[in-house]
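# Summary of the model geometry
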Amino acid sequence: MSKLKAVIADDEPLARERLCRLLSAEPQIEIVAQVGDGEAAVEALCQHAPDLVFLDIQMPGRDGIGVLDGLPSTLRPAVIFVTAHDKYAVDAFAVGAVDYLLKPFDQDRFRVALARATEFVKARGDIGVDRIAVRTDGKVVFLRAAEIRWVEAADNYVILHLEGRRLMVRETLSALEAKLGTARFVRVNRSALVQIDQVKELHRAQHGDHMVVLRDDTRLPLSRSLRTQLARLITAPCQSESPPTPPS
């Protein structure tokens, strides 16, 4: 694996200095930016598109959760939250953090977190994530990605359609898309994300439009701008046993 690009975002100069020192000792890591507030963190993440970020939860401008909310789904890196407060741990994992470093942490604990982030980046590049955590009804629910058939946007929420049940989660569709990755899930329109293996048929509709039919017979409109991407993914090797014929 080539060097991983890392951003450090913490409002405490000493904390940034220590993380920089620890990361500088890791030959597989390249530090591309160090920032001290939430707005600067969003700017650095958009500019450098790093593989991972060490992100303080409490910062001026935006907190760590707000920083992630301000990112396009395609720029969401592996996230290691760094904080002096353990009360944010549940929220951190609910937004897909790889790890949570509680200050003060030692070098061994730092390396555990870095190893997890490295494995996360590698796995996401190969096959996408296997498990995600979502917050619903005051609790965090852990799901296998394979359980999710499709996802629909509902204002400031998303509805996860699972086998035999649904979950409503306070999350944006873009944020959930970033968690799940693009190896296994694909956006079919502005309001729907589907698991590629759940696609059964693609139908041509009126006026040159197309419809995606899932294995449970759910029918979803397919945006013209996303048609080529879906066709490429569903005909890729090992995506499904019987790939549907892509639309022309």
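All of these numbers come straight from a predicted model, not from anything done at the bench.

Attention shifts here to the overall build of the protein. A count of helical and extended segments in the protein gives seven helices and 15 strands. Taking all 248 residues of the protein together, the buried fraction comes to 48%. Taking the contacts inside the protein whose residues are at least 6 apart along the sequence as the reference set, 50% of them involve residues at least 24 apart. Of the roughly 12500 Å² of accessible surface on the protein, 48% is carried by carbon and sulfur atoms.

So, on to the packing of aromatic side chains. Each aromatic ring pair is described using two quantities: the centre-to-centre distance and the angle formed by the ring planes. Enumeration according to the criterion identifies one aromatic pair in this entry. On the basis of an interplanar angle of 25 degrees and a centroid distance of 5.7 Å, the ring pair of Phe 54 and Phe 110 is categorised as stacked. Linking Phe 54 in strand E3 (residues 52–56) with Phe 110 in helix H5 (residues 107–126), this pair joins segments that are 56 residues apart in sequence. As far as burial versus exposure is concerned, Phe 54 and Phe 110 are alike and both buried. Its guanidinium or amino end placed over the ring of Phe 105, Arg 18 lies 4.9 Å from that ring's centre, counting from NZ or CZ.

What follows covers the sheet that holds strand E15 (residues 219–222). Pairing is antiparallel in the open sheet, where three strands are placed in the order E13-E14-E15. Both edges of this open sheet fall to strand E13 (199–204) and E15, since each of them pairs with a single strand only. Averaged over all pairs of adjacent strands, the angle between strand axes in this sheet comes to 30 degrees, irrespective of strand direction. Across four bridges, the pairing between strand E14 (residues 210–214) and E15 is antiparallel. Paired with His 210 across the strands is Leu 222, a residue of E15.

Turning our eyes to something else, we now look at the pattern of salt bridges. Summed over the entire model, instances satisfying the criterion amount to 10 salt bridges. Note that Arg 111 and Glu 26 form a salt bridge whose closest N and O atoms lie 3.2 Å from each other. Of the two residues, Arg 111 sits in helix H5 while Glu 26 sits in the loop between helix H1 (13–24) and strand E2 (29–35), which places them 85 residues apart along the sequence. Exposure remark for Arg 111: the relative accessible area of 41% places this residue in the partly exposed category. Shared partners join several salt bridges into a network, and the residues in it are Asp 10, Glu 12 and Lys 103.

Turning to the confidence of the model for the protein, a few remarks are in order. Per-chain confidence: the protein averages 83 in pLDDT, with 85% of residues scoring 70 or above. Segment residues 236–243 is flagged for pLDDT under 50; beyond a separation of four residues in sequence, or across chains, it makes nine contacts in the model.

Take the nonpolar core next. Counting residues in hydrophobic clusters, the biggest one holds 23 residues, and the most contacted among them are Val 7, Leu 55, Val 67, Leu 68 and Phe 81. Broken down by secondary-structure element, the contributors of at least two residues to this core are strand E1 (4–9), E2, helix H2 (38–48), E3, helix H3 (64–69) and strand E4 (78–83). With four residues, the top contributor of residues to this core is H2. Not counting residues up to four positions away in its chain, the partners in contact with Val 7 are Val 32, Ala 33, Ala 44, Leu 45, Pro 50, Leu 52, Val 53 and Phe 54. Membership of the second largest hydrophobic core comes to 20 residues, among which are Leu 4, Ala 78, Val 98 and Phe 110.

With that settled, consider unusual backbone geometry. Excluding glycine, a negative phi dihedral is what most residues carry, and trans is how most peptide bonds are arranged. Cis geometry marks the peptide bond from Lys 103 to Pro 104, where omega comes out at -10 degrees. One non-glycine residue with positive phi stands out, namely Asp 217, at about 75 degrees. Considering the arrangement of structural elements, one finds Asp 217 in the loop between E14 and E15.

Another aspect to go through is H2. Three or more residues of H2 are buried, namely Gly 38, Ala 41, Val 42, Ala 44 and Leu 45. All buried residues of H2 project into a common sector of 165 degrees when viewed along the axis, lining one side. Set apart from the buried face of H2 by more than 90 degrees, the exposed residues are Glu 43 and Gln 47. Of the residues trailing H2, Ala 49 is marked for its positive phi of about 45 degrees.

Another point: the sheet that holds E3. Read from one edge to the other, the open sheet built from five strands follows the order E2-E1-E3-E4-E5, with strand pairing classed as parallel. Each edge of the open sheet is held by one strand with a lone partner, namely E2 and strand E5 (99–102). Pairs of neighbouring strands in the sheet enclose a mean axial angle of 20 degrees, with direction left out of account. Note: E3 against E4, five bridges, orientation parallel. Bridging across to E4, Leu 55 finds its partner in Phe 81. Set on the sheet, H1 makes contact with E1, E2, E3 and E4; between it and E2 the angle comes to about 170 degrees. The sheet contacts of H2 involve E1, E2 and E3, and relative to E2 the element is tilted by about 145 degrees.

Conventions adopted
Residues numbered from 1 in each chain as written. Predicted model: local features only at pLDDT ≥ 70, side-chain atom pairs only at ≥ 80, totals over all residues. Heavy atoms only, no water. Helix = DSSP H or I, 4+ residues; strand = E, 2+ residues; numbered from the N terminus. Buried < 20%, exposed > 50% of the residue type's maximum accessible area, 1.4 Å probe, protein only. Contact = heavy atoms within 4.5 Å. Areas by Shrake-Rupley, 256 points an atom, 1.4 Å probe, with all protein chains shown as cover. Phe/Tyr/Trp six-rings, centres within 6.5 Å; stacked < 30°, edge-to-face > 60°. Lys NZ or Arg CZ within 6 Å of the ring centre and 35° of its normal. Pairing = 2+ DSSP bridges. Axes fitted to C-alpha atoms, helices over the stretch in contact; angles between N-to-C directions. Salt bridge = Lys/Arg side-chain N within 4 Å of Asp/Glu carboxyl O. pLDDT = per-residue confidence, 0-100. Core = buried A, V, L, I, M, F, W, Y, C linked by side-chain atoms within 4.5 Å. Arc of directions from axis to C-beta.

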